[in-house]
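# A structural walkthrough
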Amino acid sequence: MMKGIVKKFPGVVANDHVDLFVEKGEIHAVVGENGAGKTTLMNQLYGLLKPDEGEIYIFGKKVSFSGPGDAIKHKIGMVHQHFMLVNNLTAFENVVLGMEPRKGIFFDRKRAREEVKKLSEEYGLFVDIDAKIEDMPVGMQQRVEIIKTLLRGAEILILDEPTAVLTPQETKELFEILRKLKQSGKTIIFISHKLNEVMEISDRITVMRQGKATGNLITSQTNPREIARLMVGRDVVLTVEKTSREPGEVILEVQDLWVKDNRGLDAVKGVSFAVREGEIVGIAGVAGNGQTELVEALTGLRRVEKGRVLFRKHEITGKNPKILRDFGIFHIPEDRLRRGLVTAYPAYFNVILGRHMMFPFSKNGFLDHKEIRKFAEELFERFDVRPRNVDLPAENFSGGNQQKLIVARELSFSPKLLIVAQPTRGLDVGAIEFIHRTLLSMRDSGVGILLVSMELDEIFSLSDRILVVYGGEIMGEVKPEETTMEEVGLMMTGHRLEEIRR
Amino acid sequence: MNRRIWAFLVPILSVVFALIVAAVIIVLIGQNPLVAYKAMVLGAFGNVQAFTDTIIKTTPLILTGLAVGFGFRAGLFNIGAEGQMIMGGILATVVGMNLRGIPPALAVPLTMLFGILGGMAWASIAGYLKAKTGAHEVVTTIMLNWIASHLSSYLITGPLAVGSGTPKSPEIAPSAKLPPILTVGAMELTSGIVISVLSAFLMYILLEKTTTGYEVKAVGFNPYAAEYGGISISKNIVMCMAISGALAGLAGALEVMGQYHRFLGTLSGGKGFDGISIALIGQNHPIGIIFAALLIAALRTGSNNMQFVGVPKHIVTIVQGIVIFLVAADRIVRTIVIRKKVKR
Ligand SMILES: Nc1ncnc2c1ncn2[C@@H]1O[C@H](COP(=O)(O)OP(=O)(O)OP(=O)(O)O)[C@@H](O)[C@H]1O
Ligand SMILES: [Mg+2]
């Protein structure tokens, strides 16, 4: 359907003669490293970008789009990873936004509601159509996005990393929906970094690497190892080896911590735990069980209502992020676009965020651009951030490379304690391997690490101890080698360890 | 396209386009646009007198433009430049009135300083309210504008009133007046223009070269990331409102010290609000703001002359409106495009 697509950005060829053939009625996965050009390719199919070269055929007809409007006319719909919904409108208002059915000049609310309801029932897209977007879990917001494209008559659905922000349960539900859509003859293009998902849901796979399409596979005749090799160009270790190590002194101690969420409800309810030097403590749990609030409270971004936080026996409760960094506490935030980066700033400005007031970046209140650039270039080299252009605004890096930028920054100032949230969300297998290795080598050199992740695999392969949270409380503490996924899974749904092991 | 070039091109293209539209309107009312525009250019720059008038008008506009522009860069919408300018003017007057016998080397900086402080204090109220209670600065600065306006009319009709006719304050001490660098008839071009251009350069250095500028812009772009980076949002808000107000206050002080030599009800005359348009046209860039202020001032002085050839001077209001509309539209379009491009 897409033939010989070339798209260049200043300094990078994001798509280099890419061919993508998708058959009607199939689920076609597009996989590839961070920055391989997947999003760029899809944005061209959806009319957001214009190809420099190449042709696009939809249902056999050659087309040329000058905007998403054209793409929609050709029955193409796209669900971006970051949803584009209006937060304070309800689900159905969002769905009909821009194409409201009318009665005279008035918005025909009733008809709109019915249409949306019918669609959502038809495909098992369960949503609470009268709830406001901001009050919905991510998975439901995503279903709203899907309904939105369907209502506009989409026959071809593009989903850019739809599962990156979903819980395993939500992913399962999404796959059910995708199967139903496929049965009714829709075509789905599905981007993901998670190879097991790709294996589960897709019919065929296009692999991309450094702007080129390097492989076209039939899912039933391949395996994750082969895909990973085609993506990265070498064999990838899917789980890293961890050496055993005796942890040192207690570096972080949390005592009876209480934290509220944005709505003013208790999100963390009297949590106590400790992290020692040279130890990774994993926090497992379904999203929305207080992890975000816990991390924000520990890193000075949210008020502590009650309780104490100690760093090497110093009280650090409620200290601001600058003081915490002075102590050697660094933070890889879960929301990289909102928290971790000033996306409008060039990369070399972003790699000093938090340390920008320190020598040698700042001298007598003036920034030393040359020094900062030099530092950024070294980091780019060391952490393999691509493209190697420190002047590029952070927003123009691919998701994975944005994450590398943050990781590089937080690890480069010799941290003593690292608080890490969802470090590999949206990253390709190669980058995940790299980040896992880096975290382990930090641990081996004596850094204490608190790791919050929704990926159980990640928690199991990295942690020395696992704490499971549910409803803002710790359900139990286990060692990965002494527990099972099932046990942890039970705790994640609200069963205390004592109950389970009784 | 390169962002920098685009930021530079948009205002220029907007002006060109606006002039074309206005030309069509002039034709429609049966006049010759070329004649009108020629008269306008001559009226703004045609002779020393016209030129001086334009520069005098430019002086406070640069400062109010900078005041609003600086706020924008920090993510603050300071609509209160008008009120801050009034407070700067009043404080400069009160201090300047009482400096008889003090040598200019002391009296001029002192008067100016108090003008700056007046604007600064006024804006800080809004800054403080936002930092402490989250009250939006648009609301509070508008309220402060009204308070400043009524306070000043009370003062010049009450405690500070002198003479009869239009309400006005007494003159400031001669030593507190800005010495003219050029006198053309009744008009005096003072060093005020130098001070305002200098302010623009200082703002440029502050924003682009200093660590403080790094923090200010970071808060403006993304307060969440700035907070994560250890930048205190509330401190930044108060500081940036204060700097913004200082610039507007300086505008008021310079009008007192260089032009009117006293406080009049018409001293600010909407120049604080003009600052909003100027900041927009100048793309919040200090150097851009200098040119935007010059443009607006030139349109104003030129429009009088245009009237003599039979074209209503309100044409320039249309021009100004179109320019602002286009520049703002470009912003909106760009914001939407950026939103859409939010990366995975
Ligand atoms: N507007 C832009 N300006 C310059 N370079 C860009 C721009 N948009 C994307 N790029 C570059 O194009 C390349 C491809 O980016 P793209 O976002 O398509 O990658 P991706 O495959 O979606 O990666 P990820 O899995 O990390 O999301 C990257 O090197 C990226 O830095
Ligand atoms: Mg992408």
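Residues numbered from 1 in each chain as written. Chains lettered and ligands numbered in written order. Predicted model: local features only at pLDDT ≥ 70, side-chain atom pairs only at ≥ 80, totals over all residues. Heavy atoms only, no water.

## Quick notes on the overall build of chain B
Each helix and strand counted, chain B has 13 helices and two strands in total. At 21 Å, chain B has a C-alpha radius of gyration in line with the 20 Å of a compact globule built from 344 residues. In chain B, which comprises 344 residues, the share counted as buried stands at 51%. Here the contacts in chain B between residues at least 6 apart in sequence split such that 76% fall between residues at least 24 apart. Within the structure as shown, chain B displays about 14,900 Å² of accessible surface, and the carbon and sulfur contribution to it stands at 72%. If you average the places of the 24 positive and of the 11 negative side-chain charges in chain B, the two averages end up 7 Å apart. (Helix = DSSP H or I, 4+ residues; strand = E, 2+ residues; numbered from the N terminus. Rg over C-alpha atoms; globule rule 2.2 N^0.38 Å. Buried < 20%, exposed > 50% of the residue type's maximum accessible area, 1.4 Å probe, protein only. Contact = heavy atoms within 4.5 Å. Areas by Shrake-Rupley, 256 points an atom, 1.4 Å probe, with all protein chains shown as cover. Lys, Arg positive; Asp, Glu negative; His and termini not counted. Charge placed at Lys NZ, Arg CZ, Asp CG, Glu CD.)

## Quick word on the domain arrangement of chain A
How big an interface is tends to be expressed through the accessible area that disappears when the partners come together. Residues and elements named next belong to chain A. Taken as a whole, chain A is organised into domain 1 (2-232), domain 2 (248-328 + 417-502) and domain 3 (335-414). In total, domain 1 and domain 2 occlude about 890 Å² of area from one another, counting both sides; carbon and sulfur atoms represent 60% of this. Considering only the side of domain 1, the residues that lose the most area to domain 2 are Asn34, Thr167 and His193, jointly responsible for 40% of the buried surface there. Summed over the shared surface of domain 1 and domain 2, the number is one salt bridge. Residue Glu455 is joined to Lys194 by a salt bridge in which the shortest nitrogen-to-oxygen separation is 3.2 Å. Sort the elements by how many residues they give to the side of domain 1 that touches domain 2 and helix α8 (residues 224-232) lands first, with three residues. The residue makeup of the side of domain 1 that touches domain 2, split by class, is seven nonpolar, four polar and three charged. (Domains from an automatic or database assignment. Buried area = accessible area lost by both parts, 1.4 Å probe. Salt bridge = Lys/Arg side-chain N within 4 Å of Asp/Glu carboxyl O. Nonpolar A, V, L, I, M, F, W, Y, C, P; charged D, E, K, R; others polar.)

## Topic: the interface of chain A and chain B
Taken together, the 44 residues of chain A in the interface contact 26 residues of chain B. Summed over both partners, the interface of chain A with chain B buries about 3,000 Å², with 57% contributed by carbon and sulfur atoms. The largest contributions to the chain A side of the interface with chain B come from A:Arg338, A:Arg339 and A:Tyr345, which together make up 19% of the buried area. Remark: the boundary between chain A and chain B carries one salt bridge.

## Observations concerning the site of ligand 1
Taken together, 20 residues form the shell around ligand 1, and within it A:Asn34, A:Gly35, A:Lys38, A:Thr39 and A:Thr40 come nearest. Flanking ligand 1 are residues from chains A and B. Between ligand 1 and A:Gly35 there is a distance of 2.7 Å, counted from an oxygen atom to a backbone nitrogen or oxygen. For the shell around ligand 1, the leading source of residues is helix α1 (residues 38-45) of chain A, giving three residues. Along the lines of polarity and charge, the residues of the shell around ligand 1 split into six nonpolar, 10 polar and four charged. Residues lining the shell around ligand 1 come from more than one domain, with at least three contributed by each of domain 1 (2-232) and domain 3 (335-414) of chain A. (Near = heavy atom within 4 Å. Polar contact = N/O pair within 3.5 Å; in protein donor to acceptor, adjacent residues only side chain to side chain.)

## Brief notes about α8(A)
All names here are of chain A. Turning to α8, its buried residues number three or more, namely Ile227, Ala228, Met231 and Val232. Burial along α8 is one-sided: seen end-on, the buried residues are contained in an arc of 115°. The elements touched by buried residues of α8 are β3 (27-32), α7 (195-201), β11 (204-209), β12 (212-218) and α15 (429-444). For α8, the N-terminal cap is Asn223; the gap from its side-chain oxygen to the backbone nitrogen of Arg225 is 3.1 Å. Gly233 occupies a position one or two residues after α8 and carries a positive phi of about 90°. (Arc of directions from axis to C-beta.)

## Concerning the packing of helix α5 (residues 138-151) of chain A against helix α6 (residues 168-183) of chain A
All names here are of chain A. One can describe the packing of α5 onto α6 by two numbers: an axis separation of 10 Å at closest approach and a directional angle of 15°. By the angle class used here, α5 and α6 are roughly parallel. Of the two possible hands of crossing, α5 and α6 adopt the one that is right-handed. Where α5 abuts α6, its residues Val138, Gly139, Gln142, Arg143, Ile146 and Leu150 lie against Glu170, Glu173, Leu174, Ile177 and Leu181. Here the residues of the contact of α5 with α6 are counted per class, giving six nonpolar, two polar and three charged. (Axes fitted to C-alpha atoms, helices over the stretch in contact; angles between N-to-C directions. Parallel < 35°, antiparallel > 145°, perpendicular 65-115°, else oblique. Left-handed = near helix turned anticlockwise from the far one by under 90°.)

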